[in-house]
Amino acid sequence: MTPQQVTDLRDFVALLEERGELRRIAVETDPHLEIAAITDRVCKGAARRRALLFEKVRGHSGPVLTNLFGSSRRAAWAVGLEEPDRLRLRLAEELARHPGGSAAERFCRLLAEPAWQPRASLDGPCRESEAAVPDLRRLPALHCWPGDGGRFLTQPLVFTRDPDTGQGNCGMYRVQVFGRNQATVRWRPGSGAARHQAAWQQRGEPMPVAIALGGDPAAIYAASAPLPEGADELALVGLLRNRPLAMAPCRTSELQVPAAAEFVIEGLVQPGQSRLEGPFGNHRGCYDAAAPAPLLQVTALSHRHNPLFPATVAGPPPMESACLAQLSERLLLALLQADFPAIVDLHMPPATIFHGVTLLAVRCEKEGEVAELARALWQRQPFNRSRLLLFFDEQTEVRDAEACFWRAVNRLDVKRDLLRDGDRLAIDATRLPGKPLVVDSRVNTLLERRWSEYGLDP
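Residues numbered from 1 in each chain as written. Predicted model: local features only at pLDDT ≥ 70, side-chain atom pairs only at ≥ 80, totals over all residues. Heavy atoms only, no water.

Novice: Outline the overall build of the chain, supporting the account with residue identities and numerical values.
Specialist: The secondary structure content of the chain amounts to 13 helices and 23 strands. The globule rule puts the C-alpha radius of gyration for 458 residues at 23 Å, and the 24 Å found for the chain is close to it. Along the first, second and third principal axes, the C-alpha atoms of the chain reach 80 × 55 × 45 Å. Classification of the 458 residues of the chain by burial places 53% in the buried group. (Helix = DSSP H or I, 4+ residues; strand = E, 2+ residues; numbered from the N terminus. Rg over C-alpha atoms; globule rule 2.2 N^0.38 Å. Buried < 20%, exposed > 50% of the residue type's maximum accessible area, 1.4 Å probe, protein only.)

Listed below in structure tokens is the structure:
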């Protein structure tokens, strides 16, 4: 099987197992803290960083999957590619077919092509088993950290739609489950789901919500990707797969969900109803405080036969989220290079949680060009949330974050190279303060010829 042949989570698991990237854990494990702690240790390198399939989950009949995307190769395989930079190259080729306008406009026109639109089907595997009475207690949702407020769905695809335009949204927002038929959904202010909720609330009507777990791993990525405003996440899946994503209708609303999803939860968010959500252990290594979040009253629950339950664990890096972020770097780079040809490469170090710090290799020749580029980046997502932008010359390997930080700090001219914008900072590290240190070429040649004679390990 190749990555492009993957159609759902089961195909992806088969691909990982075929390529030696899956570890089955046969002993019984507990979804309360134990599974998350094992996953965290594997992500930190205590064992080979493979995807994990927990076959016997205490109190539940089905298995749990974690760390599916926990390497740059696996993240690329999830979207049908062999390595992450193929995403940048593919998007650059596709954007070239849509000249005119900004990269965001061109990207949206690309995703609007009929070939990539999701395909409606009458039914799907996600409906193979339906609960007469929905009960969220049947889900092996993880309690990840001791101070968490309860059990969370950490890799959900949340579907909503605008009541006026019918425009849909698919986002990844954390979900806390409460008892048999209640959950909270923490969507970010300004997100598509938040705007949809505001529109339904203005009408005084309940908002339909559907939550899918599993399905095509490319959809899991697309739901979390930093796409331009107006870009269709499901059309991106079609583009990545070179085929439309099959969608099945919900039973209790007009929403549609991926037909190959492992679980589907349906429900309604009533106007003005909320419930205290959290605390929740986050990527910064601390807890998000408990706070009110929209309350979902569950109306239906269905799943495939012998369903797989996908989950991720949030916590200090390295975690699998950093590997998905590498894919997003490549997507963002394709869009940035279409608007700013001076940008050669970029890297968002995992330790800075994706958008906290951005390292950029640029080809700038004019005085003030770096400052102009920094101001332009601060006007667009996700760079408007970057606390620090670091600019280097085009030869710099920005993925070597340690060397980049050394260079920026030790070669900085504070009066010349700093640009501040409120609580955001940019550093121009493209210039050298003096002649660079370079090993003599004749000595390099000598070393290459005699290296084995020195008795040093390779």
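Next comes the rest of the account.
Novice: So what's going on with the pattern of salt bridges? Which residues, and what values?
Specialist: As enumerated under the stated definition, the model contains 44 salt bridges in all. Between Arg 74 and Glu 21 there is a salt bridge whose closest N-O contact spans 2.7 Å. One end of the pair, Arg 74, is in helix 3 (residues 72-78); the other, Glu 21, is in the loop between helix 1 (9-18) and strand 1 (22-29), and 53 residues separate them in sequence. On the basis of relative accessibility, which here comes to 0%, the residue Arg 74 falls in the buried class. Overall, Glu 21 belongs to the buried group, its relative accessible area being 5%. By sharing partners, the salt bridges in this structure join Asp 85, Arg 88, Glu 329, Arg 330, Asp 345, Glu 397 and Arg 399 into a single network. (Salt bridge = Lys/Arg side-chain N within 4 Å of Asp/Glu carboxyl O.)

Novice: For the packing of aromatic side chains, give the residues involved together with the corresponding values.
Specialist: Counted by the stated rule, this structure contains five aromatic pairs. Arranged with centres 5.9 Å apart and planes meeting at 25 degrees, the rings of Phe 12 and Phe 69 form a pair that is stacked. Of the two residues, Phe 12 sits in helix 1 while Phe 69 sits in the loop between strand 3 (64-66) and helix 3, which places them 57 residues apart along the sequence. Assessed through its relative accessible area of 0%, Phe 12 is described here as buried. Ring geometry for Phe 263 against Phe 309: centres 6.0 Å apart, planes inclined by 70 degrees, an arrangement best described as edge-to-face. With Phe 263 in strand 14 (residues 261-277) and Phe 309 in strand 18 (residues 309-310), this pair connects stretches of sequence that are 46 residues apart. We note that Phe 263, like Phe 309, is buried. It is Arg 19 that lies over the ring of Trp 77; its NZ or CZ is 4.6 Å from the centre. The ring of Phe 178 carries the charged tip of Arg 275 above its face, separated from the ring centre by 3.9 Å. (Phe/Tyr/Trp six-rings, centres within 6.5 Å; stacked < 30°, edge-to-face > 60°. Lys NZ or Arg CZ within 6 Å of the ring centre and 35° of its normal.)

Novice: Go over helix 2 (residues 34-43) with me, naming the residues and quoting the values.
Specialist: Three- or four-residue spacings in an α-helix give side chains the same orientation, since the helix completes a turn every 3.6 residues. Buried within helix 2 we find Ile 35, Ala 36, Thr 39, Asp 40, Val 42 and Cys 43. Seen end-on, helix 2 carries its buried residues on one side only, within an arc spanning 165 degrees. Packed against the buried residues of helix 2 are strand 1, strand 2 (51-57), strand 3 and helix 9 (320-339). Once helix 2 ends, the next one or two residues include Gly 45, with phi positive near 100 degrees. (Arc of directions from axis to C-beta. Contact = heavy atoms within 4.5 Å.)

Novice: Report on the sheet that holds strand 22 (residues 418-421), specifying residues and quantitative values.
Specialist: The mixed open sheet is built from five strands, whose spatial order is 19-20-21-23-22. What marks the edges here is a single partner per strand, and that holds for strand 19 (343-347) and strand 22. Taken pair by pair, the neighbouring strands of this sheet meet at an average axis angle of 20 degrees, ignoring direction. Where strand 19 lies against strand 20 (residues 357-362), four bridges are found, and the strand directions are antiparallel. When the bridges of strand 20 are listed, His 347 appears paired with Leu 359. (Pairing = 2+ DSSP bridges. Axes fitted to C-alpha atoms, helices over the stretch in contact; angles between N-to-C directions.)

Novice: Give me helix 10 (residues 369-377): which residues, what numbers.
Specialist: Taken residue by residue, helix 10 has Val 370, Leu 373, Ala 374 and Leu 377 as its buried positions. The buried residues of helix 10 all sit within an arc of 100 degrees when viewed along its axis, so they share a single face. Of the surrounding elements, those touching the buried residues of helix 10 are helix 9, strand 19, strand 20, strand 21 (388-393), strand 22 and strand 23 (424-428).

Novice: Just give me the short version of the packing of helix 7 (residues 217-224) against helix 8 (residues 233-241), but keep the residues and values in it.
Specialist: Their axes nearest at 9 Å, the elements helix 7 and helix 8 cross at an angle of 135 degrees. With respect to helix 8, the axis of helix 7 lies oblique. For the crossing formed where helix 7 meets helix 8, the hand is right-handed. Touching Pro 217, Ala 218, Ala 219 and Ala 222 of helix 7 are Glu 233, Leu 236, Val 237, Leu 240 and Arg 241, all from helix 8. In terms of residue class, the contact of helix 7 with helix 8 is built from seven nonpolar, no polar and two charged. (Parallel < 35°, antiparallel > 145°, perpendicular 65-115°, else oblique. Left-handed = near helix turned anticlockwise from the far one by under 90°. Nonpolar A, V, L, I, M, F, W, Y, C, P; charged D, E, K, R; others polar.)

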